[in-house]
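Structure at a glance
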Amino acid sequence: MPDQKVLEVQRGIWIDEQVIRSARLGTRLRVVVQPGKICILAMPTEAERNETSGLEKGWDIFRSLGRDAQPGQLPNAAAEHDRYLYGKD
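All values reported here derive from a predicted model rather than from experimental measurement. (Residues numbered from 1 in each chain as written. Predicted model: local features only at pLDDT ≥ 70, side-chain atom pairs only at ≥ 80, totals over all residues. Heavy atoms only, no water.)

Topic: the overall build of the chain
For clarity, the cut-off: For the purposes of this entry, the term helix denotes a DSSP run of H or I that reaches at least four residues, the term strand denotes a run of E that reaches at least two, and both are numbered from the N terminus. To sort residues, take the accessible area from a 1.4 Å probe on protein chains only and compare it with the maximum for the residue type: under 20% means buried, over 50% means exposed, and anything in between is partly exposed. Residue contacts follow a heavy-atom distance rule, with two residues in contact if any of their heavy atoms lie within 4.5 Å. Method for areas: the Shrake-Rupley scheme with a 1.4 Å probe, in which residue coverage is limited to the protein chains shown.
Looking only at helices and strands, one finds three helices and two strands in the chain. Its helices and strands taken in sequence order, the chain reads α-β-β-α-α from the N to the C terminus. Counting only residues that meet the buried cut, the chain has 3% of its 89 residues in that class. Of the contacts made within the chain by residues no fewer than 6 positions apart, 3% connect residues no fewer than 24 positions apart. Of the roughly 8,800 Å² that the chain leaves accessible, carbon and sulfur atoms contribute 55%.

As structure tokens, then:
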């Protein structure tokens, strides 16, 4: 169960650095305010953002293979996948 604390609002709310460390949020934080809740999230570093964009590029390339695929000669290729690829009935 997550660690829970009750905090009294006086002039604001102070969250100890140890609490942030135990949540593994890092040193840059993003605060999202919505009705009824405030979320504190890790802010990704520039390197992490670039890594994610590289991952997205990889998925885009993978998806493009299906978009650029030539029509095949086999009927029901998806339904008969194992038979056509592996010779199994």
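Here's the deal with the confidence of the model for the chain
Caution applies to low-pLDDT regions: their predicted coordinates should not be interpreted in detail. The line we're drawing: pLDDT is defined as a per-residue confidence score from the predictor, taking values between 0 and 100.
Averaged over the chain, the pLDDT score is 80; the fraction of residues at 70 or greater is 87%. When the elements of the chain are averaged for pLDDT, helix H3 (residues 81-86) gives the smallest value, 73, and strand E1 (residues 29-34) the largest, 92.

As for the pattern of salt bridges
Condition: By convention in these notes, a salt bridge is any Lys or Arg side-chain nitrogen within 4 Å of a carboxyl oxygen on Asp or Glu.
Counted under the stated rule, the structure contains two salt bridges. Put simply, Arg 63 and Asp 60 hold a salt bridge, and the shortest N to O gap is 3.4 Å. Of the two residues, Arg 63 and Asp 60 both sit in helix H2 (residues 46-67), three residues apart, roughly one turn of that helix. Owing to a relative accessible area of 42%, Arg 63 belongs among the partly exposed residues under this scheme.

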